[in-house]
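Residues per chain, in single letters:
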Amino acid sequence: MSPDPPRILLVDSYDSFTYNLAALCRQAIQNCYVHIIKNDDIELDDLLLYLPYFSGVVVGPGPGSPDIPEDIGLVKNLWKIDDAHLLPVFGVCLGLQSLALEYGANLRRLSVVKHGHVSAVKHIGTDIFKGVGPVDAVRYHSLHVELSGAKNIEELASTHDEENGRVVMALRHRTRPFWAVQYHPESVLTRGGGIEVMLNFWRLARTWSSSRGRVTRPWDQKADAIFGVPWPYVRSLPSISPINAPLPAFYDKIGYPRLVLGVDDDSSPFVMLESAAHPGQFTIIGCLTSTSLRITYTIGDSFVHLANGESCDQIYLGSHDVWSWLTSFMSKRKVTGGSSEIPFWGGLIGYLSYELGTDSLRVSADGTCSQTRHPDVNLVFTDDEWLTEMAEQLHSVARNYSTYSSYNTTPYSTKARPNTSTVNLPDRDLYRSRINLAKEYLFVGESYELCLTANTRITLNDPLAPKASSTYSPSWQRYKHLHELNPAPHAAYLRLHPSTLLASSPERFLSYTRPPGTTYKLCPVKGTIRKGPRITRAVAEQALRGSQKEVAENLMIVDLIRHDMHGAVGENVEVKQFCTVEECKTVWQLVSVIEGQSADGADETASHYANGALGWEVLRRSLPPGSMTGAPKKRSVQILQTLEDEERNVYSGVFGYWCAGGGGDWSVTIRSCFKYDDRYECDAHSWTKFNNPDFYPGVHEPEQWVIGAGGAITALSDPDAEWDEMLAKLQSVLRVFGAAVPRGN
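Residues numbered from 1 in each chain as written. Predicted model: local features only at pLDDT ≥ 70, side-chain atom pairs only at ≥ 80, totals over all residues. Heavy atoms only, no water.

Quick notes on unusual backbone geometry
In most cases, non-glycine residues show a negative phi, while peptide bonds are predominantly trans.
Stage number 1. Between His497 and the following residue, Pro498, the backbone shows a cis peptide bond with an omega angle of 20 degrees.
Stage number 2. Turning to its location among the elements, Pro498 is positioned in the loop between strand S19 (490–496) and strand S20 (499–505).
Stage number 3. Look at the link from Pro515 to Pro516: it is a cis peptide, with omega at 0 degrees.
Stage number 4. Within the element layout of this structure, Pro516 appears in the loop between strand S21 (508–512) and strand S22 (519–522). (Helix = DSSP H or I, 4+ residues; strand = E, 2+ residues; numbered from the N terminus.)

Below you can see the structure in the form of C-alpha cells.
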C-alpha cells in the first residue's frame, strides 16, 4: 500500500493572501493536502492531539502584532510545543515575528513601512536558501525584529533600506525544525525566494522527520471531522437538467432606447448596462414588463421579496443564505441556444451593495438602519418571454426608426437653477484627520492600505423643474448627461425602485465566460490620471508605472484578488497582465488582469456549475471589491467602519448581470450617484401603482442624490493630496447636476 500524501496544516491569521500561500505549498510539495484553520479555531491542547496527522505546519501572515493575543492566537504557543508533538514549521511575515519574539527577539516599528515594495534580499546560500540565486522579495510589513538577545535564533537573510537600515528577512531555530521569512514568498512579484525556498523547507522537513523516525498517522474520520475537506475545495455537485430553449435572434443595431422601451416613464423599472467607451462592446437594455420578476433582499432579513405582476411574496430562505438561494433560483433556469457572440441571453440584472460583501466576511453592520435604506440585493430576472416581446418591439423600432427618432429629441437641461440645489460635502478637516488615523493603523501593522471614502449629498429643490411623468424621467436625463460628460466602458442606468443608480465606472470587477471551460477574470484598477493636452502615453506611463505608490497599491490588490480567486476555483489562477497603462476616453489607468479556471470537468454541461454557479461563488468570495477596501480585507473593512460615518450601501458594491447561459459580468460601483425614491412602490414592490394612469400626483418633490468618493490610503499618502483626489473623483459626477465643488474645499 502506497503511503498517504503529505498533509500540511496552514494556520491563517485572518489574512487576505492565505490561499496564495496554499497554492505555493501545493506547487512545492507534490500531491500534498492543505488543511486551513484560523488561528482561533481550536485550542492548542486539542490541536496537539491532531498534529501527528500532519507532515508540517505553515504559519501564514496576518494583520496586527505578534504580541497581541487576539492577533496571533494559538501561533504563539506552537513554538514551545513539547518534543513529543514536535514537527516542522514554516512561518511567513507575522509567523517570523512570532517565532523570533518567543525566543527573546525585540519587536520594532520600521521608520518607513514597506507595503507592496520589492527589496533585494541577501542570504547565506544554504539551509532554506540552498541553491537559491538572487532574491527580489515583496514585503508587506510595518514591524520587524531585532535579534540581539534572542536565544537559539540564527539569521538566514536580510535586506538594507535607506530609511530603516538592516532588516532581518529570514531566520531559523538552531535546534528545533522552525524556519521563517519576513517577506511574502507567495506574492506574484517575489522572484527567487518563493517556490525555491518552499522546496528547501520541504526538503529539510523530510530530512528532520526521517532522522527522528517521525511517521504521520493515517487520516481517519476523527481528523476529518475536525479539519474537513482540504483545499482546493472545488467539487462537482449534482447535475441539473437545462431548459433547452433556443433564444430569438434580434440583435439589429438600433438607436438609443426611447418611449417604445419605457425609459421615459419614470414610474416603470428599467435597466441598461452600457459600454459607453473603449474597450466596451455591448449595451444591454432591459425594458421590464409586468411579468418581469423583481428580487430584492436586505441584510438581516430571513426572506427575499419577489414581485411579479400584481403578486408580491416574501420567500423565506430557510437553510439558505441569499447567495445559495439565488444559485438555486438560477439552477432551475439554465438555457442554451443563444448566439455565442452575444453576452446576455436573459437572466439577472441589477446591483449588489457594499454591505452585502462585508456581511459575507462576517463583519456586522454598525447597527444603524434607516427607513430609506436601499436593498442590498436589487435584481430583475428577464427570461425568454421578455426576450421574445422585446424582439418584436425592437424590430418595430428598426422598421419605424424615423418616427421614433423624431420623438422627444429636445434635450432637457439637468443643470439646477441658481439657489435651487444644495451640495453637502464631507468635512475637509475631519476627512484629513481620518486619513492620518488610517495611516496610524498602517504604521502598526493593522492593514497594508485602506480605501477611505465619504458621501456627498445633493438636494435638488426646484418647483419649476420638469416633473416626473409617464413621458419624462429626470433620472434618465441625468444619465444621458453623465454619458456625455464622463463616458465609461462600464456604465449603467438602473431604475429599480426604490433605488435609481447612474454609473460611469472605469473598472470592470469580475467577468466569467459561459461553460464549459469557463474563464474567470478579475481586472483591478489602481492608479488613474485624467487625460489632458499634455498627458501623453509617455507622461501617463511615468506617472503611473513609474510611481512606487501606484504600483504598490496595484500589487496589493492583485495579491488579494489572487487569494479570492484561489479560494473559489482552486489552483489554476494566473496573473495575465500586471500594471499595464490603458487608455480610456477620459483617463489613463493602471490595470492588472487575473484569470482563473475551474478544475477539469467542474463546469461541464451536466454539472451544477454549468449555469454559472461557480462564477457566482467567485463573486461572493471577492466582495466587497478589494480595490474599495484594502488588505487584509476583513481587518481593513472593520477599521473603515470606525473611520466612515455611514454605510456605503450601493456605492462601491457591484452592478452587472448573471446570464442564464452561465456567463456573467460585474463592474465596481464608482463614479456613480444614486437616490432613494419609494413613491412608485406599494407592498414589497408590487406593480399596482406602475399601471395606474392617475398615479403621478403633479406636485413637486425634492430629489436627493448621494455620490460616494474616496481613495486608497497608504503609508506614503499626503492628506491634502488625498482630499484633492477625492474631490476630483467627486467632480466627475457632480457636474451632472450643474454643480461644482465649492471653492475653498
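A short note on helix H5 (residues 94–102)
Stage number 1. Across the nine residues that make up H5, a large majority, eight, are buried.
Stage number 2. Residues of H5 that are buried: Leu94, Gly95, Leu96, Gln97, Ser98, Leu99, Ala100 and Glu102. (Buried < 20%, exposed > 50% of the residue type's maximum accessible area, 1.4 Å probe, protein only.)

Notes on the packing of aromatic side chains
Stage number 1. In the structure shown here, the tally under the stated rule is 28 aromatic pairs.
Stage number 2. With 4.8 Å between their ring centres and 40 degrees between their planes, Phe17 and Tyr140 make a pair best called tilted. Of this pair, Phe17 sits in the loop between strand S1 (7–12) and helix H1 (18–28) while Tyr140 sits in strand S6 (residues 135–146); the two residues are 123 residues apart in sequence, bridging distant segments of the chain.
Stage number 3. Look at Phe54 and Phe227: their rings are 5.1 Å apart centre to centre, the planes differ by 80 degrees, and that puts the pair in the edge-to-face class. (Phe/Tyr/Trp six-rings, centres within 6.5 Å; stacked < 30°, edge-to-face > 60°.)

A few points about the sheet that holds strand S5 (residues 106–123)
The strands making up a sheet associate through backbone hydrogen bonding, with each pair oriented either parallel or antiparallel.
Stage number 1. In spatial order, the strands read S2-S1-S3-S4-S9-S8-S7-S5-S6; together these nine strands make up an open sheet with mixed pairing. Each edge of the open sheet carries a strand with a single partner, namely strand S2 (33–38) and S6. Sheet twist, expressed as the mean angle between neighbouring strand axes with direction ignored, is 30 degrees.
Stage number 2. Pairing geometry for strand S4 (residues 89–92) and strand S9 (residues 178–181), over four bridges, is parallel. Each bridged residue has a counterpart across the sheet, and for Val89 the counterpart in S9 is Phe178.
Stage number 3. Of the strands in this sheet, S1, S2, strand S3 (56–59) and S4 touch H1, which is tilted by about 155 degrees from S2. (Pairing = 2+ DSSP bridges. Axes fitted to C-alpha atoms, helices over the stretch in contact; angles between N-to-C directions. Contact = heavy atoms within 4.5 Å.)

As for the packing of helix H15 (residues 548–569) against helix H16 (residues 613–622)
Stage number 1. Contact pair H15 / H16: the axes reach a minimum separation of 9 Å and the direction vectors enclose 140 degrees. With respect to H16, the element H15 is oriented oblique. Between H15 and H16 the crossing geometry is right-handed. On the side of H15, the interface is formed by Asp564, Met565, Gly567, Ala568 and Val569, while H16 contributes Leu614, Glu617, Val618, Arg621 and Ser622.
Stage number 2. A class-by-class count of the residues in the contact of H15 with H16 yields five nonpolar, two polar and three charged. (Parallel < 35°, antiparallel > 145°, perpendicular 65-115°, else oblique. Left-handed = near helix turned anticlockwise from the far one by under 90°. Nonpolar A, V, L, I, M, F, W, Y, C, P; charged D, E, K, R; others polar.)

Overview of the pairing of S3
Stage number 1. The two faces of S3 match: Gly56 and Val58 on one face and Val57 and Val59 on the other face are all buried.
Stage number 2. With four bridges connecting them, S1 and S3 associate as parallel partners. When the bridges of S3 are listed, Val11 appears paired with Val59.
Stage number 3. Bridge count between S3 and S4: three bridges; the pairing is parallel. Looking at the pairing, Val57 lines up with Val89 of S4.

Considerations on the environment of Gly194
Stage number 1. Along the chain, Gly194 falls in the loop between S9 and helix H6 (195–211).
Stage number 2. Judged by its relative accessible area of 6%, Gly194 falls in the buried class.
Stage number 3. C-alpha separation for the pair Gly194 and His184, spaced ten residues apart in sequence, amounts to 7.8 Å.

Things to note about the pattern of salt bridges
Stage number 1. If you walk through the whole model with that rule in mind, you get 35 salt bridges.
Stage number 2. Among the charged side chains, a network of salt bridges with common partners joins Arg478, Lys675, Asp677 and Glu703. (Salt bridge = Lys/Arg side-chain N within 4 Å of Asp/Glu carboxyl O.)

Quick word on the side chain of His305
Stage number 1. Secondary-structure assignment places His305 in strand S13 (residues 303–308).
Stage number 2. A polar atom in the side chain of His305 sits 3.4 Å from the side chain of Gln314. (Polar contact = N/O pair within 3.5 Å; in protein donor to acceptor, adjacent residues only side chain to side chain.)

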